[in-house]
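# Structural description and commentary
The residues making up each chain are set out below.
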Amino acid sequence: MKKSKVLEDLTNALSILPGVGIKTAQRMAYKLLRSNKDKTLNLSRQLQKALTEVVTCDRCGLYLDVHDAELQKKSNEHLCIGPNRDEGIICITESPADIYIIEESTNYNGDYFALTGTLSPLDGLGPDEIGVNKLKIRLEKENIKELILATSTTIEGEATAHFIQNICTNLNIKVSRIAFGIPLNGELGYLDSETISHAFNERKEL
Ligand SMILES: [Zn+2]
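To start, this report covers the structure provided alongside it. (Residues numbered from 1 in each chain as written. Predicted model: local features only at pLDDT ≥ 70, side-chain atom pairs only at ≥ 80, totals over all residues.)

## With respect to the overall build of the protein chain
Our working rule: Numbering goes from the N terminus for both helices and strands, where a helix is a DSSP run of H or I of at least four residues and a strand is a run of E of at least two. Based on C-alpha atoms, the radius of gyration is set beside the globule rule, defined as 2.2 Å times the residue count to the power 0.38. Residue burial here comes from a neighbour count, namely the number of other C-beta atoms, placed from the backbone, that lie within 10 Å of the residue's own C-beta, with 20 or more meaning buried, 12 or fewer meaning exposed, and in between meaning partly exposed. Residues are defined as contacting one another if the C-beta atoms placed from their backbone atoms lie within 7 Å.
Summing up its helical and strand segments, the protein chain has nine helices and six strands in all. For 206 residues, the compact-globule formula gives about 17 Å, and the C-alpha radius of gyration of the protein chain, at 22 Å, lies well above that figure. Along the longest, intermediate and shortest principal axes, the C-alpha atoms of the protein chain span 70 × 55 × 35 Å. By the burial criterion, 17% of the 206 residues in the protein chain qualify as buried. A sequence separation of at least 24 residues applies to 47% of the contacts in the protein chain between residues at least 6 apart.

This is the structure we're talking about:
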């Protein structure tokens, strides 16, 4: 049977999407070929546009359109977070996506800094690769009074938090870690012992 090489290339390209295996990528490719051609071409244009016109903010690592990034450079204001925010507090996340989650779920009114991952020496990810050194420069230059560490509870997330905590201690900056433990409406019987132990140790006085 003669198969389309171009279709196979499209399938392989789609399989880089998170959670998409080769079978799903194949189904997606067939579906795209059968779909409205204008809509599919628009998808391809938007993808190309995003890759060329979206940049990350020099200050916090959030995604910005390239013209907003230029505007920010000229105005010397931090456009990402907007006015009336406490720029003396920085919340650290391991990705820009996590910033949006915190922003939507809390009434936090400080500044942010998104790393580009967590420390993982075996994968060649050191402080330079994930943006910690860039953060350090910001901490040394600006008048930061508090840092909130919101990296995940994986081994790498914890190691990254400890690493940044040490930098803050040396710079005399107050540092806190977001709390982890029992989810709201969660029953103890359904949780793993590590989560319960963590929640128990992090209990607070009422
Ligand atoms: Zn920013």
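We are not done yet, so read on.
## Considering the pairing of strand β5 (residues 146-149)
What counts here: DSSP bridges decide pairing: two strands pair if at least two such bridges lie between them. Call a crossover right-handed when, viewed with both strands pointing away from you, the route from the first strand across the helix to the second goes clockwise.
Side chains L147 and L149 of β5 all project onto a buried face; the interleaved residues E146 and I148 project onto a face where none is buried. As judged from the four bridges shared by β5 and strand β6 (residues 174-177), these two strands associate in the parallel manner. Residue pairing across strands places L149 opposite R177, the latter belonging to β6. Tracing the backbone out of β5, into helix α8 (residues 155-170) and back to the parallel element β6 gives a crossover that is right-handed.

## A short note on the nonpolar core
Quick note on the threshold: Definition of nonpolar core: a set of buried Ala, Val, Leu, Ile, Met, Phe, Trp, Tyr and Cys residues joined via C-beta atoms within 7 Å.
In this structure, C60, L62, I90, I92, Y112, F113 and A114 are the most contacted members of the largest nonpolar core, which totals 24 residues. Contributions of two or more residues to this core are made by β3 (86-93), β4 (110-114), α7 (132-141), β5 and α8. If sequence neighbours within four positions are ignored, C60 has contacts with C80, D111, Y112, F113 and A114.

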